[in-house]
Amino acid sequence: MSAWDQDIALLLARLQFAFTVSFHFLFPAFSIGLASFLAVLEGLWLATGKAVYANLFRYWVKIFAIVFAMGVVSGVVMSYQFGTNWSVFSDRAGSVIGPLMAYEVLTAFFLEAGFLGVMLFGLNKVGHKLHFMATCAVALGTLISAFWILSANSWMQTPTGYEIAANGQFVPGPSWWAIIFNPSFPYRLVHTTIAAFLTTAFAVGGVGAWHLLRDKDNPGARTMFSMAMWMAALVTPIQIFVGDLHGLNTLDHQPVKVMAMEGHYQSHPHGAPLILFGLPNSAEQRVDYALSIPKASSLILKHDLNAPLAGLDTVPKADQPPVGIVFWAFRIMVGLGVAMLILGLWSLIARWRRRLYDWPMLHRAAVVLGPSGFVAVIAGWVVTEVGRQPFTVYGLLRTADSASPLAAPAVAASLTAFVVTYFAVFGVGIWYLLRLMHRAPDVHEAGLDGLPIRSAGITPAQAMGIGDAR
Amino acid sequence: MIDLTVIWAGIIGFAIVAYVVMDGFDLGIGILFPRFAVGEERDTAMNSVAPVWDGNETWLVLGGGGLMAAFPLAYAIILPALYAPLIAMLLALILRGVAFEFRWRDPGHRALWDFSFTLGSTVATFAQGVTLGALLQGITVEGRVYAGGWWEWLSPFSLLTGLGLVVGYSLLGACWLIWKTEGALQDKAYHHARRLGIALLVVIALVSLATLRLEAQYHQRWLAWPGVLATAQVPLATLIVSALFFRSLARRQHAGPFFWVLGLFALCIVGLGVSIWPDVIPARVTIWEAAAPHSSQLFMLVGAVIMVPIILTYTGWAYWVFRGKVGAGGYHS
């Protein structure tokens, strides 16, 4: 293969991974939060016996079933793509991150999949208590899954606890503890898990608001909106705090990523400015039209106005990440975080003024921010994954040295097939989700407990139920 | 000292067997789906696997993930070598996996999602069979990387194994339906099982004979004296199990045919073991050459020893919850 052919094949493989993993993560970002939400709803139902919780459970479990199915099938792709497209990485790092992913399968995937059938189809077979246990098992599975996969990802970002064998493989050192609990893992785990909960909260809140705008007395819409806005008001500030800690951790372990996030091409020995907006220009190594606050970046990152901060001028160009993508993705994430915070505070004011269910402007804002979590989560992943380029194992193994020995036409063909299939299949799936969300929660929401309809609709009556949904 | 590499080869082998046992029949139902009447028959067939398909497919992820973790070199060589069939399999698994939900969600396009279910099930099965054939016929390896082209997997032999697996999974699917359903659908399943049983025996014979010609190692393993006295038991047992399978069909037993077909699959896997053991890439790389370090294997073994029995327990429970005959009306009645 010529060098040019190799460059193209590498670029295509990177595009394919970015495309498939981004699409995939939309679903777990939703299902992690939704599974816990469903467990809470079912628990409240069992504890209080209030019909509204049972109705909301039945309403959201139909959505969960579709989200989960799409997450599973797009996730299987990921577990094979390490080998198909990143075989050198797999050979070199497989002994370290392979076991973490094997633990994810053993402790999480089987748990989710094993109890999902009972959760979706088994209420009448096993009774309320065992069914609640199955729902909790699925929710727990989603969280355990996050634990292991984020440990594996974090090890790639901040590798510790490894040794390098004579054949070039990374091999585990004396302690697996050092590998699993690598320096960025606790921060990434908490930040990502909260992000999934917030993503779900804003999606649920957006759906609740959508129906309150039509009928402010719908009990299901009121309950879901209220629950979602409590999450928005209480958890968004926590997330901003955790995000800040995660950023400081990144400054310690991957300072170059922070330089790209901040747009700091130059070093600032006497306090670095916080660039709010501007156009990163990597060719000239400067930010054009920068709007900045003097010394504020040093204040945020070092808690000292005059603290020196190194810039990308201290990093060889071959080791710099693409600055523009990281810079903009970071601003999208932070901007959405601020918008979420404002909505959360607004909901507190509305609650205090007893207008939570009767303030159309608030509801419109909540609808607009309904998808905000998904955008913020993807933007956050772009920051951390593009920001650690050009490495797959940070500082140790280059992305360019990680790819499979595949010809460009092979990867071009597979990428095309993925793009077509994902947009067609998942596009339709998302359309089905929106259609389900568009239907107001019924007072006698069908499904699961002996009513003629179950989540994925098996009976002929189900077909009619769906007809109603249109 | 106990050889962890051998234990891990056993665990990966177990995951593959578990996958074939569990996902084989639900892929097979997808392949046979167009043979069933729209409405009650198809709904019943779908319902018989809907609560368990996701768990079944997880064994495929364990096989892939476990291979990466325990035999990273094998994972790094095999997956690029089988690029086209594996990508086809992954896309096909998407098409069939979403159909479980989508066909109920959108009755107006049920025909489309039924087609997607069948297409996905068939392509995924065929691709898995091709993968097996391509592995058996040999992969070009230089140093630690795959060194062949992106069409190396394609040969009459790999197409034959692809076809063979489609027949085999279809038979498993038909036998599952014999076990789990009643009436007209069960009658149809008996009918298909008889024909597919004959077809499977023909394919097993063809693949077995063709395999002997692929590598000197296989020929040697099977036919050298006195080993042939032992290896000859495998085809002999295959004939006996086949006879028991057809007798079970003739007596219209419900659960019997499914388990006899599993017996046939088990014998095929034993035969595979005779040909390739102890290689992970047949005739190229042994399990010891591809093995991860002792520490990785030990760390995972702790997890596997604790978790696999627990997984089997709750998977068994989930199957138990949905035991008995299935109706078109789902699990409410």
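Residues numbered from 1 in each chain as written. Chains lettered and ligands numbered in written order. Predicted model: local features only at pLDDT ≥ 70, side-chain atom pairs only at ≥ 80, totals over all residues.

Peer 1: Teacher, can you tell me more about the overall build of chain A here?
Peer 2: Helix and strand counts for chain A come out as 14 helices and six strands. At 24 Å, chain A has a C-alpha radius of gyration in line with the 23 Å of a compact globule built from 470 residues. Its C-alpha atoms give chain A principal-axis dimensions of about 65 × 50 × 40 Å. Within chain A, counting contacts between residues at least 6 apart in sequence, those at least 24 apart form 74% of the total. (Helix = DSSP H or I, 4+ residues; strand = E, 2+ residues; numbered from the N terminus. Rg over C-alpha atoms; globule rule 2.2 N^0.38 Å. Contact = placed C-beta atoms within 7 Å.)

Peer 1: It is not clear to me how the overall build of chain B should be interpreted in this structure. Could you clarify?
Peer 2: Per the secondary structure count, chain B includes 14 helices and four strands. Expected size for 333 residues packed as a compact globule is a radius of gyration near 20 Å; at 20 Å, chain B falls within 12% of this value. Taken over the C-alpha atoms alone, chain B extends approximately 55 × 40 × 40 Å along its principal axes. Across the 333 residues of chain B, 55% fall into the buried class. Put simply, 78% of the contacts in chain B that link residues at least 6 apart link residues at least 24 apart. (Buried ≥ 20, exposed ≤ 12 C-beta atoms within 10 Å, placed from the backbone.)

Peer 1: Honestly, the confidence of the model for chain A in this entry has me stumped. Any pointers?
Peer 2: In low-pLDDT segments, the atomic positions of the prediction should not be examined closely. When pLDDT is averaged across chain A, the result is 88; 94% of the residues are at 70 or more. In the model, residues 448-470 of chain A has pLDDT below 50 throughout and makes 53 contacts with residues more than four positions away in sequence or in other chains. (pLDDT = per-residue confidence, 0-100.)

Peer 1: Please clarify how the interface of chain A and chain B should be interpreted in this entry.
Peer 2: Put simply, an interface is often sized by how much accessible area is lost when its parts join up. Listed by partner, the interface residues are 63 residues for chain A and 63 residues for chain B. Where the side of chain A that touches chain B is concerned, the elements lending two or more residues are α2 (51-85), α3 (87-121), α4 (123-157), β2 (170-172), α13 (408-438) and α14 (460-469) of chain A.

Peer 1: Would you take a moment to explain the packing of α2(A) against helix α5 (residues 83-105) of chain B for this structure?
Peer 2: What describes two packed helices is the angle between their axes and the distance between those same axes. Relative to each other, α2(A) and α5(B) sit at 175°, their axes nearing to 9 Å. With respect to their mutual orientation, α2(A) and α5(B) come out roughly antiparallel. For the pair α2(A) and α5(B), the contacting residues are A:Ala65, A:Ile66, A:Ala69, A:Met70, A:Val72, A:Val73, A:Ser74, A:Val76, A:Val77, A:Tyr80 and A:Thr84 in the first and B:Tyr83, B:Leu86, B:Ile87, B:Leu90, B:Leu93, B:Ile94, B:Gly97, B:Val98, B:Phe100, B:Glu101 and B:Arg105 in the second. (Axes fitted to C-alpha atoms, helices over the stretch in contact; angles between N-to-C directions. Parallel < 35°, antiparallel > 145°, perpendicular 65-115°, else oblique.)

Peer 1: What should I look at first to understand the pairing of strand β3 (residues 274-281) of chain A in this one?
Peer 2: Within a regular beta strand, the side chains point alternately toward one face of the sheet and then the other, so they alternate between its two faces. All names here are of chain A. Here β3 runs beside strand β4 (residues 286-293); their pairing, made up of six bridges, is antiparallel. In the strand pairing of β4, Asn 281 is matched with Arg 286. Hairpin remark: β3 followed by β4, antiparallel, with four residues in the connecting loop; positive phi at Gln 285, about 55°. (Pairing = 2+ DSSP bridges.)

Peer 1: Explain the environment of A:Trp45 to me, please; I cannot follow it from the model alone.
Peer 2: Residue and element names in this part refer to chain A. Mapped onto the elements, Trp 45 comes out in helix α1 (residues 3-48). The exposure class assigned to Trp 45 is buried, which follows from the 21 C-beta atoms found within 10 Å. Spatially, the C-alpha atoms of Trp 45 and Leu 56 are 9.6 Å apart, while their sequence positions differ by 11 residues. Setting aside residues no more than four positions away along its own chain, Trp 45 makes contact with Lys 50, Tyr 53, Ala 54 and Phe 57.

Peer 1: I would appreciate a short explanation of α3(A) in the present structure.
Peer 2: Think of an α-helix as turning once every 3.6 residues; residues three or four places apart then point the same way. The end-to-end C-alpha distance of α3(A) is 40 Å, clearly below the 51 Å that 35 residues give at a rise of 1.5 Å each. Remark: the principal bend of α3(A), roughly 85°, maps to A:Gly94. (Expected span 1.5 Å × (residues − 1). Bend = angle between axes of the 7 residues up to and from the residue.)

Peer 1: So what exactly am I meant to see when it comes to the environment of A:Leu301 here?
Peer 2: Residues and elements named next belong to chain A. The residue Leu 301 is located in helix α9 (residues 296-302) in this model. Under the C-beta neighbour-count criterion, Leu 301 is labelled buried, with 21 such atoms within 10 Å. Spatially, the C-alpha atoms of Leu 301 and Val 393 are 25 Å apart, while their sequence positions differ by 92 residues. What Leu 301 contacts, discounting residues up to four positions off in sequence, is Leu 248, Leu 251 and Leu 309.

Peer 1: Explain the environment of A:Val96 here, please?
Peer 2: All names here are of chain A. Looking at the secondary structure, you find Val 96 in helix α3. Looking at Val 96, the number of C-beta atoms within 10 Å reads 29, which means it is buried. Between the alpha carbons of Val 96 and Ile 180 there is a distance of 9.5 Å; along the sequence they are 84 residues apart. Leave out the neighbours within four places in its chain, and Val 96 touches Trp 155, Tyr 162, Phe 170, Pro 172 and Ile 179.

Peer 1: It is not clear to me how unusual backbone geometry should be interpreted in this structure. Could you clarify?
Peer 2: Phi is mostly negative for residues that are not glycine, and the peptide bonds are mostly trans. A cis amide bond links A:Gln389 to the next residue, A:Pro390, at an omega of 5°. Summarising the element assignment, A:Pro390 is placed in the loop between α12 (372-387) and β5 (391-393). Omega for the peptide link from B:Trp277 to B:Pro278 comes to 0°, which places this bond in the cis form. Within the fold, B:Pro278 resides in the loop between α12 (256-276) and β3 (279-281). One non-glycine residue, A:His303, lies in positive phi territory at about 55°. Position of A:His303 relative to the elements: it lies in the loop between α9 and α10 (323-352). With 9 C-beta atoms counted inside 10 Å, the residue A:His303 sits in the exposed group.

Peer 1: I would appreciate a short explanation of the packing of helix α11 (residues 233-250) of chain B against α12(B) in the present structure.
Peer 2: All names here are of chain B. Relative orientation of the contacting elements α11 and α12 amounts to 165°, with a least axis distance of 8 Å. Relative to α12, α11 is oriented roughly antiparallel. Two packed elements cross with a definite hand, and for α11 against α12 that hand is left-handed. Contacts between α11 and α12 involve Val 234, Ala 237, Thr 238, Val 241, Ser 242, Leu 244, Phe 245, Ser 248 and Leu 249 from the former and Gly 256, Pro 257, Trp 260, Val 261, Gly 263, Leu 264, Leu 267, Val 270, Gly 271 and Val 274 from the latter. Residue composition of the contact of α11 with α12, by class: 13 nonpolar, six polar and no charged. (Left-handed = near helix turned anticlockwise from the far one by under 90°. Nonpolar A, V, L, I, M, F, W, Y, C, P; charged D, E, K, R; others polar.)

Peer 1: Mind showing me how you'd approach helix α7 (residues 219-253) of chain A here?
Peer 2: Across its 35 residues, α7(A) extends 49 Å between first and last C-alpha, which sits within 8% of the 51 Å expected from 1.5 Å per residue. The largest bend in α7(A) is about 35°, located at A:Val235, with the proline A:Pro237 one to four residues further on.

Peer 1: Hey, could you run me through the confidence of the model for chain B in this one?
Peer 2: Residue and element names in this part refer to chain B. Averaged over every residue, the pLDDT of chain B is 87; residues scoring 70 or more account for 98%. Looking over chain B, one finds the lowest element-wise mean pLDDT in helix α10 (residues 227-231), namely 81, and the highest in helix α7 (residues 156-180), namely 93. Here the complex is predicted with pTM 0.89, and the ipTM for its interfaces comes to 0.88.

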